[in-house]
There are 2 protein chains.
Amino acid sequence: MTLKVDGDRLWSDLMTMAAIGATANGGSYRTSLSDADRDGRNLFVHWAKEAGLGITVDKIGNIFARREGQDPSLAPVMMGSHLDTQAPGGRFDGVLGVLAGLEVVRTLDRAGIRTRRAIEVVNWTNEEGARFPPGVVGSNLFAGRTTLETLYQTRDRAGIFMGDELKRIGYLGEAEVGQRPVDSYLELHIEQGPVLEAANVVIGAVTNTSCQGGGIIEILGENGHSQTTRMSKRRNALVGAARIIEAIETIGMAQEPHGMASATVIDILPNNRINIPHKAVVQFLTVHADPEGRDRILDAIEQAVVAIGRDNHFTTSFSRNPQRHKFDFPVELVELTERVAGQLGHSSMRLPTWTAHDALNMHVVCPTALIFLPCRDGISHSEFEWCEPQHATAGADVLANMVLDRAQRPDE
Amino acid sequence: MTLKVDGDRLWSDLMTMAAIGATANGGSYRTSLSDADRDGRNLFVHWAKEAGLGITVDKIGNIFARREGQDPSLAPVMMGSHLDTQAPGGRFDGVLGVLAGLEVVRTLDRAGIRTRRAIEVVNWTNEEGARFPPGVVGSNLFAGRTTLETLYQTRDRAGIFMGDELKRIGYLGEAEVGQRPVDSYLELHIEQGPVLEAANVVIGAVTNTSCQGGGIIEILGENGHSQTTRMSKRRNALVGAARIIEAIETIGMAQEPHGMASATVIDILPNNRINIPHKAVVQFLTVHADPEGRDRILDAIEQAVVAIGRDNHFTTSFSRNPQRHKFDFPVELVELTERVAGQLGHSSMRLPTWTAHDALNMHVVCPTALIFLPCRDGISHSEFEWCEPQHATAGADVLANMVLDRAQRPDE
């Protein structure tokens, strides 16, 4: 049999969730552990209970909504993503993967299907990292790749601890993080790039990750009065930062279409107009299709920083972020994605993901699939992010039938 | 007779004040209305009371320490400056003018001189603007050039109101601001530039101000994901800001030695590394010896902003800060400075001030003199700011004898 979700209900849920933290230009602003994130979580829990699911919250606030299987001793099939957004973000990045999961459960109910394995829908905490950098940490901890203490001690720019905010919004749960068997993990997500739209293809079967990297650059100049220090004596760290930002942009542009690099964060001291800044910290991210390309970009940026520091009498430092290694998703799940799409009459193609998702962490826990849908002009992390309703429905249909296949399959 | 201050006591006071909010590199960090500013104020009030002065605090926290004159109906001669610092700042900018004032009073006591007019030592609130921009506001309000409500509503970057902080640190006084007659105002200050040191001259008689200006530039780009948006599609507001900062630096360098301009403040949104920033706000200050030069700089920066916006598909806006008009200090007080310096055997020269001081506001209230001392390498707004002890003593000696001349002079 082939399952079909209620696309209208899914769309209604997406638009309802988008109303929490709605922004003027049609996006949403629900940064992790904010009041809006709390409201979004509450709505998800409400809908999950309405659908008869059992709720578990773990110590980092990850929420698991469980539909019991015929054999409760078997590990569940898990679907999900995240409800937190960028600042501001759109209506689909993350949200689609969670709410499509809920609609898959309701679809199974309507079809009267009890699956062999349990099914769980998960909302991972702080995927975006917009308020508490870095992101993708709820699933990262679930996969045992960081510590609870590290996350509790992470602060936002106002100095507020993530641990305190979890408690404040009522999502500091009791379950140990990661002490939860998972059979397989399926994440539906907008592509956040232009490939599917350009190819006029509906379903993307993600084959592999890309080579992500980034770094932090510190530029030390010298304090001085901005209306009395001779121009030739100034060592303005903001000017040093400007030259480095420009160099990163030039290096990034030269990678197209195989790689990218941009400076996206700057903090300067004292950031007061009567004072020449003595310190600037610039952060950038980069990504390339292969590790050699990523390393070339990082080397080129490091060389530019050294040269700009030397030529302008700044003291500079350059440190690389922990790099994510490239890997392939399991072929059997890529093929399952393609097969199910075909059964449903949807076009599909294979493609990589350029950026991180919770699926990249769950890959180390269990067999994992990442399924992409087209988004308008490849735009995401933006109020103007958009996914067509028929694509959302198609994606949820694919997800439903993939979950059914995984949940019903006999022991290997 | 010629008064001579106790230079050792003055130096001891300067170093004691510097210990409040001391920084690792020998500076001080006492931004306006911080705990350290409160401690610095308390110390000043303690020393003033020790010297028998009467304390009045006005509604913006300006502190007036009064030594009564023979004829209390006459307006007092006022000396002073400010105890707040940059972030971090040095030991002399502002502090010297206040503590030299106290030492002048003690010198009069030791000499057994009762002056005809009263003498007051003032500490103006928030000269630096480091925490609550803009600066020079305590004296600005005293001169009737802003409103109490505007200042109470000024916030720091944490969103804290200036009015609330005044109350918190205990310096929300009851006296109306500006309802206080002043015969004349004398401010001793380090030059904050290299002219006196290069000329090997001890006393600077400030003849006039310069043409100050500045502006705020807003750059609007477009949100996007920093690891998935094609490089050629990015409209990174931080890159636009970098190009504008570089253009301002180039324009500023071309003015040497008649003018200056630098970008010194940047704020971007969302300032999160996974997101291409959609908004950047850059602030700059400029100064030139003449108004045409200042206007040429502002025009050049505005044209650069328009061109960079157009060529890079950013929406930009440019607004000019309120400009300060150039004026001359009264010749009689410039001549008094030179005459007193000569009597004391100190070299002197005339020079302009490039930046603002409380004296620029007091100029509209009463006859005002600004007296400069050399500072090492022209450095200020820096932990490395330095004034030689013998120069501090020389300046206080000049101040003492100028005050005596003004306070004893017969009615005109």
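Reading guide: rules and limits
Residues numbered from 1 in each chain as written. Chains lettered and ligands numbered in written order. Predicted model: local features only at pLDDT ≥ 70, side-chain atom pairs only at ≥ 80, totals over all residues. Heavy atoms only, no water. Helix = DSSP H or I, 4+ residues; strand = E, 2+ residues; numbered from the N terminus. Rg over C-alpha atoms; globule rule 2.2 N^0.38 Å. Buried < 20%, exposed > 50% of the residue type's maximum accessible area, 1.4 Å probe, protein only. Contact = heavy atoms within 4.5 Å. Lys, Arg positive; Asp, Glu negative; His and termini not counted. Charge placed at Lys NZ, Arg CZ, Asp CG, Glu CD. Domains from an automatic or database assignment. Buried area = accessible area lost by both parts, 1.4 Å probe. Salt bridge = Lys/Arg side-chain N within 4 Å of Asp/Glu carboxyl O. Least-squares fit on C-alpha atoms with pLDDT ≥ 70 in both. Pairing = 2+ DSSP bridges. Axes fitted to C-alpha atoms, helices over the stretch in contact; angles between N-to-C directions. Parallel < 35°, antiparallel > 145°, perpendicular 65-115°, else oblique. Left-handed = near helix turned anticlockwise from the far one by under 90°. Nonpolar A, V, L, I, M, F, W, Y, C, P; charged D, E, K, R; others polar. Expected span 1.5 Å × (residues − 1). Polar contact = N/O pair within 3.5 Å; in protein donor to acceptor, adjacent residues only side chain to side chain. 1 Å grid on protein atoms, 1.4 Å probe; cavity = no way out; pocket = protein on both sides within 12 Å on 5 of 7 lines; lining within 4 Å. Points joined across faces, edges and corners; volume = space filled by probe spheres on them. Arc of directions from axis to C-beta.

Let us look at the overall build of chain A. Across its full length, chain A holds 12 helices and 14 strands. Here the C-alpha radius of gyration of chain A, 23 Å, is about what a compact globule of 412 residues would show, namely 22 Å. Along the three orthogonal principal directions, the C-alpha set of chain A runs to about 80 × 45 × 40 Å. When the 412 residues of chain A are sorted by exposure, 63% land in the buried category. The long-range share in chain A, meaning contacts at least 24 apart out of those at least 6 apart in sequence, stands at 78%. Computing the positive centroid from 40 side-chain charges and the negative centroid from 52, chain A places the two 5 Å apart.

A few words on unusual backbone geometry. The residue after Pro-133 of chain B, namely Pro-134 of chain B, is reached through a cis peptide bond having omega -5 degrees. Position of Pro-134 of chain B relative to the elements: it lies in the loop between β4 (119-123) and α4 (137-142). Its identity is not glycine, yet Asn-126 of chain A carries a phi of approximately 50 degrees, on the positive side. You can see Asn-126 of chain A is positioned in the loop between β4 (119-123) and α4 (137-142). In this structure, Asp-377 of chain B takes a positive phi of about 55 degrees despite not being glycine.

Moving on: the domain arrangement of chain A. Residues and elements named next belong to chain A. By domain assignment, chain A separates into domain 1 (7-209 + 327-408) and domain 2 (211-320). If you average the C-alpha positions of domain 1 and of domain 2, the two centres end up 35 Å apart. Listed per partner, the contact involves five residues of domain 1 and 10 residues of domain 2. Carbon and sulfur atoms make up 50% of the surface buried where domain 1 meets domain 2, a total of about 510 Å² over both sides.

Moving on: the interface of chain B and chain A. Each side of the interface is counted separately: chain B has 68 residues, and chain A has 68 residues. For the chain B and chain A pair, buried surface summed over both sides reaches about 6100 Å², with 53% attributable to carbon and sulfur atoms. It is Gln-227, Met-231 and Arg-273 of chain B that lose the most area in chain B upon contact with chain A, and together they represent 15% of the buried surface on that side. The interface formed by chain B and chain A holds two salt bridges in total. Two residues, Arg-243 of chain B and Glu-246 of chain A, come together in a salt bridge whose shortest N-O distance is 2.8 Å.

Mapping chain B onto chain A is achieved by rotating through 180 degrees and translating by 0.0 Å along the same axis, at an RMSD of 0.1 Å. Interpreted geometrically, this transformation is the action of a two-fold axis. Relative to the rotation axis, the C-alpha of Ala-242 of chain B is the closest in chain B, positioned 2.1 Å from it. In this assembly the copies share their binding face: 100% of the residues contributing to the interface of chain B also contribute to that of chain A.

All names here are of chain B. Across the sheet, which stays open at both edges, the eight strands sit in the order β1-β2-β4-β3-β5-β14-β6-β13 with mixed pairing between neighbours. On the outer flanks of this sheet lie β1 (54-57) and β13 (348-351), each paired with one strand and no other. The average undirected angle you get between the axes of adjacent strands in this sheet is 25 degrees. When β1 meets strand β2 (residues 63-67), the two strands line up antiparallel, connected through four bridges. Counterpart to Thr-56 in the pairing with β2 is Phe-64. Sitting on the sheet, helix α2 (residues 35-50) touches β1, β2 and β4, and the angle it makes with β2 is about 10 degrees. Docked against the sheet, helix α10 (residues 331-343) engages β6 (203-206), β13 and β14 (368-373), running at close to 165 degrees with respect to β6.

On to the packing of helix α8 (residues 237-253) of chain B against helix α9 (residues 291-312) of chain B, then. All names here are of chain B. For the pair α8 and α9, interaxial distance at closest approach is 10 Å and the crossing angle is 150 degrees. When the axis of α8 is compared with that of α9, the two are roughly antiparallel. The hand of the α8/α9 crossing is right-handed. Contacts between α8 and α9 involve Gly-240, Arg-243, Ile-244, Ala-247, Ile-248 and Ile-251 on the former and, on the latter, Ile-297, Ala-300, Ile-301, Ala-304, Val-305, Ile-308 and Asn-312. Residue composition of the contact of α8 with α9, by class: 10 nonpolar, two polar and one charged.

All names here are of chain A. With 16 residues, helix α3 (residues 95-110) ought to run about 22 Å at 1.5 Å a step, and its terminal C-alpha atoms sit 23 Å apart, in line with that. When you tally the buried positions in α3, you get 14 out of 16 residues, the bulk of the element. Of the residues trailing α3, Gly-112 is marked for its positive phi of about 70 degrees.

So, about the sheet that holds strand β7 (residues 211-220) of chain B. Residues and elements named next belong to chain B. Spatially, the four strands line up as an open sheet ordered β9-β11-β7-β12, and their pairing is antiparallel. Of all the strands in the sheet, just β9 (259-269) and β12 (315-320) have a single pairing partner and so form its edges. Strand-to-strand twist in this sheet, taken as the mean axis angle between neighbours without regard to direction, amounts to 15 degrees. Across 10 bridges, the pairing between β9 and strand β11 (residues 279-288) is antiparallel.

Moving on, we get to the pairing of strand β6 (residues 203-206) of chain A. All names here are of chain A. Burial along β6 is two-sided: Ile-203 and Ala-205 and Gly-204 and Val-206, pointing in opposite directions, are all buried. The pairing of β6 with strand β14 (residues 368-373) spans two bridges and is antiparallel. If you follow Ala-205 over to β14, its bridge partner there is Ile-371.

The next point concerns the environment of Arg-180 of chain B. Residue and element names in this part refer to chain B. Looking at the element boundaries, Arg-180 is found in the loop between α6 (162-168) and β5 (184-190). Once the C-alpha coordinates of Arg-180 and Asp-405 are considered, the two residues, 225 residues apart in sequence, prove to be 21 Å apart. Setting aside anything within four residues of it in sequence, one finds Arg-180 in contact with Thr-56, Phe-64, Arg-66, Glu-120 and Phe-142. In terms of polar contacts, Arg-180 uses its side chain to reach the side chain of Glu-120, at 2.8 Å.

Right, let's get into the layout of surface pockets. Of the volumes computed, that of the second largest pocket is approximately 780 Å³. What lines the second largest pocket is a set of 36 residues, and nearest its centre among them are Pro-134, Gly-135, Pro-322 and Arg-324 of chain A together with Arg-273 of chain B. Only α4, β7 (211-220) and α11 (358-362) of chain A provide two or more residues apiece to the lining of the second largest pocket. With three residues, β7 of chain A is the largest single contributor of residues to the lining of the second largest pocket.

Glancing now at helix α9 (residues 291-312) of chain A. All names here are of chain A. Between its first and last C-alpha atoms α9 spans 32 Å; for 22 residues at 1.5 Å apiece the expected length is 32 Å, and the two agree. Looking only at α9, the buried set comprises Gly-293, Arg-294, Ile-297, Leu-298, Ile-301, Ala-304, Val-305, Ile-308, Gly-309 and Asn-312. Summarising the axial view, the buried residues of α9 lie within an arc of 145 degrees, below the 170-degree limit, and thus occupy one face. Along α9, exposed side chains directed more than 90 degrees from the buried face belong to Arg-296, Gln-303, Arg-310 and Asp-311. At its buried positions, α9 is contacted by β7, α8 (237-253), β9 (259-269), β11 (279-288) and β12 (315-320). Looking at the residues trailing α9, positive phi occurs at His-313, about 60 degrees.

Moving on, we come to the side chain of Thr-85 of chain A. Residues and elements named next belong to chain A. Structurally, the position occupied by Thr-85 is in the loop between β3 (77-81) and α3. In this structure the side chain of Thr-85 is engaged in a polar contact, spanning 3.3 Å, whose partner is the backbone oxygen of Ser-28. Of note is the side chain of Thr-85, whose polar atom sits 2.7 Å from the backbone nitrogen of Arg-30. What Thr-85 contacts, discounting residues up to four positions off in sequence, is Ser-28, Tyr-29, Arg-30, Thr-31, Gly-90, Glu-128 and Ala-130.

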